[in-house]
Amino acid sequence: MQKRQLLRALAAALALPALGSVHAADPIKIGLILPMTGQQASTGRQIDAAVKLYMAQNNPVIAGRKVEVIVKDDASTPDQTRRLAQELVVNDKVVALAGFGITPSAMATAPIATQSKTPMVVMAAATSAITEASPFVVRTSFTLPQAAVAIAEWANKNGIKKVVSLVSDYGPGIDAEKYFADRITLNGGQVVDKLRTPLRAPDFAPVLQKVRDASPQALFVFLPSGQGAAFMKQFAERGLDKAGIKLIGTGDITDDDQLNDMGDVALGVVTAHHYAAAHKSPVNQKFVEAFKKANNGMRPNFMAVGGYDGIRVIVEGLKASKGEGGEKLLAAMKGQIFESPRGQMLIDGQTRDVVHDMYVRKVERVGGELQNVEFDAIKAMKDPGKSK
Ligand code: PHB
């Protein structure tokens, strides 16, 4: 009896080092901060679903360790984003931070990335200056100057000379307003009025009245993902579509998350963007099908693609760094080139920003559904915000 107890104690003692060695197989953690609630919740829902899809499809194991994604909800409140990032770095020891639904959230977190040398992958926010806020920022979304310049060029080529612009009054809107106006003016067009609405709870009625009074050939609009449907509804209710004012914009206003429910007012709207669910390629067809299947038929939008490509850039980077974070992971993200559901894309080794095709698209009814149908593109476009 005594001997058996002794043996048991011995076995337990021997098992201890084995338990200790479990540390070598601790998961590699990635912190994903998204607006899962509040005004930008559709962005969080889309990116979270895309990251989950990528993880389920690839199930990455790197240097014998699983990769774990920790999702945190910042309700698109920059103070929250910053606090959550700090906790993820200090307590959870994440190798990378990712997500960032709006520019102020990304800007608030950039100093933490710099101080802790943690790569920070921006999957949604799109103000040009974000990549300059920290040398650890890498972007897989897009930039507003890319989309605004592309649609301005289309307007110039299509005889649109007199335009009013309407943007959301913060970083990406200010970029959109400036780059659209600069380009269209350069080519002989004119922006006769520049209107802005607040990011939180915007009321479009007063600005739409001003648009009507100015009677431009076209109205150029940037609003953050999630506001497009409400805007379209008021545009139609005020009869602006019938008044012959052509609606153009960045693709955020014909967001695939909401487009199919916008109704006839969206038909014919021309926008420029890096992703459409209707993009014709085998890689995208496979992505859209798998995304819908995993999410009750939900159509992926450009936010989903920013998330899908962002987690890919992190996982491929970790493979090259053998699971290490910091400078090694950052170096392994720079210069990555691959075929995304959006088309070919590159993480510029110098700017850490995304280089991709900017498509010009028109909303059409295809097989009973509203789609952004691509008909032209500026190839391999860098961020015009950085070529100064
Ligand atoms: C941003 O805050 O940078 C942002 C948010 C939503 C968009 C585009 C940009 O659709």
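Structure first, text after, so check above.
Residues numbered from 1 in each chain as written. Predicted model: local features only at pLDDT ≥ 70, side-chain atom pairs only at ≥ 80, totals over all residues. Heavy atoms only, no water.

*Asks:* What exactly am I supposed to notice about the overall build of the protein here?
*Replies:* For the protein, the count of helices and strands is 11 helices and 15 strands. In summary, the protein has a C-alpha radius of gyration of 23 Å against a globular reference of 21 Å for 388 residues, a match within 12%. Evaluated residue by residue, the protein yields a buried proportion of 55% over its 388 residues. Contacts in the protein between residues far apart in sequence, at least 24 positions, make up 68% of those at least 6 positions apart. For the protein, the accessible surface area stands at approximately 16,200 Å², while carbon and sulfur atoms represent 53% of it. (Helix = DSSP H or I, 4+ residues; strand = E, 2+ residues; numbered from the N terminus. Rg over C-alpha atoms; globule rule 2.2 N^0.38 Å. Buried < 20%, exposed > 50% of the residue type's maximum accessible area, 1.4 Å probe, protein only. Contact = heavy atoms within 4.5 Å. Areas by Shrake-Rupley, 256 points an atom, 1.4 Å probe, with all protein chains shown as cover.)

*Asks:* What is the right way to look at the site of the ligand in this model?
*Replies:* Taken together, 14 residues are adjacent to the ligand, and Thr103, Ala126, Tyr170, Ser225 and Asp252 come closest. Alanine 126 is positioned such that a nitrogen or oxygen atom in its backbone is 2.8 Å from an oxygen atom of the ligand. Note that an oxygen atom of the ligand is positioned 2.9 Å from one of the backbone N or O atoms of serine 225. When the free accessible area of the ligand is taken as 290 Å², the share hidden by the protein chains comes to 100%. Its residues assigned to classes, the shell around the ligand comprises nine nonpolar, four polar and one charged. (Near = heavy atom within 4 Å. Polar contact = N/O pair within 3.5 Å; in protein donor to acceptor, adjacent residues only side chain to side chain. Nonpolar A, V, L, I, M, F, W, Y, C, P; charged D, E, K, R; others polar.)

*Asks:* In this structure, what is going on with the packing of aromatic side chains? I would like to understand it.
*Replies:* We describe a pair of aromatic rings using the distance from one ring centre to the other and the angle between the two ring planes. As enumerated under the stated definition, the model contains seven aromatic pairs in all. Between phenylalanine 231 and phenylalanine 235, the ring centres sit 5.8 Å apart and the planes meet at 35 degrees, which makes this aromatic pair tilted. Here phenylalanine 231 and its partner phenylalanine 235 are both found in helix α8 (residues 228-237), four residues apart, which amounts to about one turn of the helix. Judged by its relative accessible area of 0%, phenylalanine 231 is buried. On the basis of relative accessibility, which here comes to 2%, the residue phenylalanine 235 falls in the buried class. Ring geometry for phenylalanine 287 versus tyrosine 308: centroids 4.6 Å apart, planes at 50 degrees, classification tilted. (Phe/Tyr/Trp six-rings, centres within 6.5 Å; stacked < 30°, edge-to-face > 60°.)

*Asks:* I keep staring at the pairing of strand β7 (residues 162-168) and nothing clicks. Help me out?
*Replies:* With six of seven residues buried, β7 is to be regarded as a mostly interior element. The pairing of β7 with strand β8 (residues 190-197) spans seven bridges and is parallel. Across the sheet, residue serine 168 finds its bridge partner in β8, namely threonine 197. Where β7 and strand β9 (residues 218-222) come together, five bridges link them in parallel fashion. For serine 165, the partnering residue across the bridge sits in β9 and is phenylalanine 220. (Pairing = 2+ DSSP bridges.)

*Asks:* Would you mind going over the side chain of aspartate 309 with me for this structure?
*Replies:* Within the secondary structure, aspartate 309 sits in helix α10 (residues 302-321). Residue aspartate 309 is classed as buried on the basis of its relative accessible area, which comes to 2%. There is a polar contact of 2.8 Å between the side chain of aspartate 309 and the side chain of arginine 342. Residues within four places of aspartate 309 in sequence aside, it is in contact with Thr140, Phe338, Ser340, Pro341, Arg342 and Met345.

*Asks:* Teacher, can you tell me more about the sheet that holds strand β4 (residues 96-99) here?
*Replies:* Sheet strands associate in pairs through backbone hydrogen bonding, adopting either a parallel or an antiparallel arrangement. As summarised here, the arrangement of the six strands in space is β2-β3-β1-β4-β5-β6, forming an open sheet in which the pairing is mixed. The sheet is open, and its two borders are formed by β2 (61-62) and β6 (137-139), each paired with just one other strand. Across seven bridges, the pairing between strand β1 (residues 28-34) and strand β3 (residues 65-73) is parallel. Following the sheet pairing, leucine 34 is matched in β3 by aspartate 73. Against the sheet, helix α2 (residues 41-58) contacts β1 and β3, and its axis sits at roughly 160 degrees relative to β1. (Axes fitted to C-alpha atoms, helices over the stretch in contact; angles between N-to-C directions.)

*Asks:* Got a minute to help me understand the pattern of salt bridges in this structure?
*Replies:* In a structure, side chains of opposite charge can pair up when their charged atoms sit close to one another. Considering all chains together, one arrives at 21 salt bridges under this definition. Salt-bridge contacts for arginine 183 lead to glutamate 153; the nearest nitrogen and oxygen are separated by 2.6 Å. Note that arginine 183 is positioned in helix α6 (residues 171-186) and glutamate 153 in helix α5 (residues 144-157), a separation of 30 residues in sequence. Overall, the relative accessible area of 22% leaves glutamate 153 in the partly exposed class. Put simply, Arg139, Asp353, Asp383 and Lys386 are held in one network by salt bridges that share partners. (Salt bridge = Lys/Arg side-chain N within 4 Å of Asp/Glu carboxyl O.)

*Asks:* I'm lost on the packing of helix α3 (residues 78-90) against helix α4 (residues 103-116) in this one. Help?
*Replies:* Two numbers describe a pair of packed helices, the interaxial angle and the distance between the axes. Viewed as axis vectors pointing N to C, α3 and α4 meet at an angle of 25 degrees, and their least axial separation amounts to 8 Å. One element, α3, and the other, α4, form an angle in the roughly parallel class. α4 is crossed by α3, and the crossing has right-handed handedness. Across the interface between the two elements, Pro78, Thr81, Arg82, Ala85, Gln86 and Val89 from α3 touch Pro104, Ser105, Ala108, Thr109, Pro111, Ile112 and Ser116 from α4. (Parallel < 35°, antiparallel > 145°, perpendicular 65-115°, else oblique. Left-handed = near helix turned anticlockwise from the far one by under 90°.)

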